[in-house]
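Per-entry structural report
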Amino acid sequence: MDDFIIRALLAGVGVALAAAPLGAFIVWRKMAYFGGAISHTSLLGVALGFLLGIHPLIGVGVVCVVAALMLLGHRGKHLGNDALLGIIAHGALAMGLIVASSISGIRVDLMAFLFGDILSVSTEDVYFTWAGAIGVLAVLGFIYKPLLSITVHRELAVVEGVNIRLIETAFVLLLAVAVALSIKVVGVLLVASMLIIPAASARSFSTTPERMIFLASVAGVVAVCLGVLASLKLDWPAGPAIVAAATLLYIISAFKKPA
Amino acid sequence: MDNTIKHNLLLSAEGVKITINDNEILQGASLSVTEGEVVTVVGPNGAGKTTLIRAMLGLIHPDSGNIYRRPGLTVGYMPQKLSLDPTMPMTVNRFLELGVPTALAGHGRRKKTLEEVGIGHIANSQMQNISGGEMQRVMIARALLRDPDILVLDEPVQGVDVTGQAELYRLIRKIKNNRGVGVLMVSHDLHVVMAETDRVICLNRHVCCEGHPEAVSRHPEFVEMFGEQVAGSIALYPHHHDHHHDVHGEIHTKGHSHDG
């Protein structure tokens, strides 16, 4: 196997493993559009990264965190969450496109950021992805029980002594980091699918939250492998191929009655 | 308040005022629960019952007035309803573990607590597949695992049929007697709850009257609030059963009678 395939698989698996548990929480907490909105803002991060001459992924991380905190801080005001998410997602996407178009001299490969470019990841990217993934999983493990408790029943969790603000902020920041990690692999437009689809596929085979997370990880890894394979054999774009594979797994799982 | 009462006071509210969106929900409500006492808050819809409970639990802050919680008080809370999202797979066992530190959630302890509330057989069931009455018992079990000093129950019999309601109130009474916990609950179904209560607080934005169930049921404000007929039927209610039904509807003839 060529080195670039191994790097692609390693990076993809790292992303899938970090995305699976976060995705399960997104599905449980009905935050699918939250993930989508954060990922749309990341294009602005990429563009700003180029503009300021810093690593685009750092730009993405910063912009995602800011967007996430804005969403969190604005909750429960006069607008519904869905409208707010729409404003942030599309406003930031538009600004990202404007900033990207104004950068002259440097060729910004927009397609690579919109749809990912997993076959071109460097060794450095692999380290970066795995360090990020392990960091995300470690923090998530630390806040896992209180986060699950909040997800089941907020007020019960408060009475039982959970610091809701702290845990929810930590979760949203983890999401932002995971989105930044996934950009290279599946691209801005498909990031949310890596979070949601494997978790959704795992639902009907699960009897406990932990089992759902485990199966979502398996589904994510399988989707990455199938997608990279399809990309090599059929010359499909890799990011969309991974998402298509994940979607296929979901369709198969939809025939199974919930456990 | 004299010292003998204050000594075993668990939780109290004093002159609590809460206004939400220009609507004065509570106009200075006071309420206290002492060790081993069952206090029930009754009142019509919109009387502020749940708001008062939420304030006493620290879930909302009163605009004025005081909330007293005995230092180190452990609260077992049972919210009005738990509707678990269908996307989350969850067994009863796993649900119970969530509310307590891992050390308190051992298998033996969970099993014992489920048996205490009469649902030992559903430990591995999915939360979405159990009945309304079983769900209430699971919630009580989760509260009990915390070894609470006080149980706070918001409409504990919601969505449970009439025989199931009496059964649940009797269970709460039994838990109180065995564990010596204080109980604070909210209810609007008066008939059954009165028989299992030490003290009734009648709330309609302020405390209209309070005291022993029988005395309260004759109080003019109470009669006015709930109507002659309802109030009259409650005064007659405390009576003896020669049997009772368990969760499965099976009849147990033990010459059971209410205490108190």
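The structure this text deals with has already been given above.
Note that the coordinates shown come from a computational prediction; the quantities given were computed from them, not determined experimentally.

Okay, the sheet that holds strand β5 (residues 75-78) of chain B next. Two pairing modes exist for strands in a sheet, parallel and antiparallel, and in both the strands are linked by backbone hydrogen bonds. All names here are of chain B. Spatially, six strands are ordered β5-β6-β7-β3-β8-β9 in an open sheet, and the strand pairing comes out mixed. Two strands lie at the open edges of the sheet, namely β5 and β9 (207-211), each paired on one side alone. Averaged over all adjacent pairs, the angle separating strand axes in this sheet is 15°, with direction ignored. Sheet topology places β5 next to strand β6 (residues 150-154); four bridges connect them, and they run parallel. In the strand pairing of β6, Met78 is matched with Leu153. In the packing of helix α2 (residues 49-56) onto the sheet, contacts are made with β3 (38-42), β6, β7 (182-187) and β8 (199-203), and the angle to β7 comes to roughly 150°. Each of β3, β6 and β7 touches helix α6 (residues 162-179); the most contacted strand, β7, lies at about 160° to it.

This paragraph deals with helix α4 (residues 81-102) of chain A. All names here are of chain A. An ideal rise of 1.5 Å per residue puts 32 Å on 22 residues; α4 measures up with 31 Å between its terminal C-alpha atoms. Listing the buried residues of α4 in full gives Leu84, Leu85, Ile88, Ala89, Ala92, Leu93, Gly96, Val99 and Ala100. Taken end-on, α4 shows its buried residues confined to a sector of 150°, consistent with a single buried face. Of the residues in α4, the exposed ones pointing more than 90 degrees away from the buried face are Ile87, His90, Ile98 and Ser101. Buried-residue contacts for α4 involve α2 (32-52), α3 (56-74) and α5 (110-115).

Here Ser182 of chain A shows up in helix α8 (residues 164-186). If sequence neighbours within four positions are ignored, Ser182 of chain A has contacts with Val15, Gly187 and Val191 of chain A.

Listed per partner, the contact involves 23 residues of chain A and 28 residues of chain B. Together, the buried faces of chain A and chain B total about 2,200 Å²; carbon and sulfur atoms form 60% of this surface. The largest per-residue losses of area from chain A upon contact with chain B belong to Lys145, Val152 and Val159 of chain A, which jointly make up 27% of the total buried on that side. At the boundary of chain A with chain B, the tally comes to four salt bridges. In this structure, Glu210 of chain A and Arg94 of chain B form a salt bridge, with 2.6 Å as the shortest nitrogen-oxygen distance. Broken down by secondary-structure element, the contributors of at least two residues to the side of chain A that touches chain B are α1 (3-28), α6 (123-152), α7 (154-159) and α10 (209-234) of chain A. Top element by residues in the side of chain A that touches chain B is α6 of chain A. It accounts for six residues.

Turning our eyes to something else, we now look at α10 of chain A. A rise of 1.5 Å per residue sets the reference length of α10 of chain A, with its 26 residues, at 38 Å; its end C-alpha atoms lie 36 Å apart and thus fit the reference within 8%. Immediately beyond the C-terminal end of α10 of chain A, within one or two residues, lies Asp235 of chain A, with a positive phi of roughly 60°.

Residue and element names in this part refer to chain A. On the surface, a cluster of nonpolar side chains totalling about 650 Å² of accessible area is made up of Leu51, Leu52, Ile54, Ile58, Val62, Val66 and Met70. Of all elements in the fold, only α2 and α3 reach the threshold of two or more residues within the nonpolar patch. For the nonpolar patch, the leading source of residues is α3, giving four residues. Of note, Val66 is situated in helix α3.

Applying the stated rule across the entire model yields three aromatic pairs over all chains. One aromatic cluster is present, built from ring pairs that chain together Phe25, Trp28, Tyr144 and Phe171 of chain A. Geometry around Phe95 of chain B places Arg142 of chain B over its ring, the cationic atom sitting 4.6 Å from the centre.

All names here are of chain B. Spatial ordering of the open sheet is given by β2-β1-β4, a layout of three strands whose pairing is antiparallel. Looking at the sheet topology across the chains shown, the edges are occupied by β2 (23-34) and β4 (64-69). With direction set aside, neighbouring strand axes in the sheet form an average angle of 15°. In this sheet, β2 lies alongside strand β1 (residues 9-20) in antiparallel orientation, the contact comprising nine bridges. Bridging from a neighbouring strand, Leu11 pairs with Val33 of β2.

All names here are of chain A. It is at 7 Å that the axes of α1 and helix α9 (residues 191-202) come closest, and there the two elements cross at 70°. By the angle class used here, α1 and α9 are roughly perpendicular. Residue-level inspection shows Val15, Ala16, Ala19, Ala20, Leu22, Gly23, Ala24, Ile26 and Val27 of α1 in contact with α9, the latter providing Met194, Leu195, Ile196, Ala199 and Ala200. Tallied by class, the residues present in the contact of α1 with α9 amount to 13 nonpolar, one polar and no charged.

Grouped together as the largest cluster of nonpolar side chains are 160 residues, with contacts concentrated most on Met127 and Leu184 of chain B. If one sorts the elements of this core by residue count, α1 of chain A sits on top with 15 residues. Look past the residues within four positions of Leu184 of chain B in its chain and what remains in contact with it is Leu11, Leu31, Val33, Val39, Val41, Ile53, Met56, Ile150, Leu151, Val152 and Leu153 of chain B. The next biggest cluster of nonpolar side chains, apart from the first, holds six residues, and it includes Leu44, Ala47, Val63 and Ala100 of chain A.

Cut-offs and rules
Residues numbered from 1 in each chain as written. Chains lettered and ligands numbered in written order. Predicted model: local features only at pLDDT ≥ 70, side-chain atom pairs only at ≥ 80, totals over all residues. Heavy atoms only, no water. Pairing = 2+ DSSP bridges. Helix = DSSP H or I, 4+ residues; strand = E, 2+ residues; numbered from the N terminus. Axes fitted to C-alpha atoms, helices over the stretch in contact; angles between N-to-C directions. Contact = heavy atoms within 4.5 Å. Expected span 1.5 Å × (residues − 1). Buried < 20%, exposed > 50% of the residue type's maximum accessible area, 1.4 Å probe, protein only. Arc of directions from axis to C-beta. Buried area = accessible area lost by both parts, 1.4 Å probe. Salt bridge = Lys/Arg side-chain N within 4 Å of Asp/Glu carboxyl O. Patch = residues over 30% accessible without salt bridge, like charges linked within 9 Å, V, L, I, M, F, W, Y side chains within 5 Å. Areas by Shrake-Rupley, 256 points an atom, 1.4 Å probe, with all protein chains shown as cover. Phe/Tyr/Trp six-rings, centres within 6.5 Å; stacked < 30°, edge-to-face > 60°. Lys NZ or Arg CZ within 6 Å of the ring centre and 35° of its normal. Parallel < 35°, antiparallel > 145°, perpendicular 65-115°, else oblique. Nonpolar A, V, L, I, M, F, W, Y, C, P; charged D, E, K, R; others polar. Core = buried A, V, L, I, M, F, W, Y, C linked by side-chain atoms within 4.5 Å.

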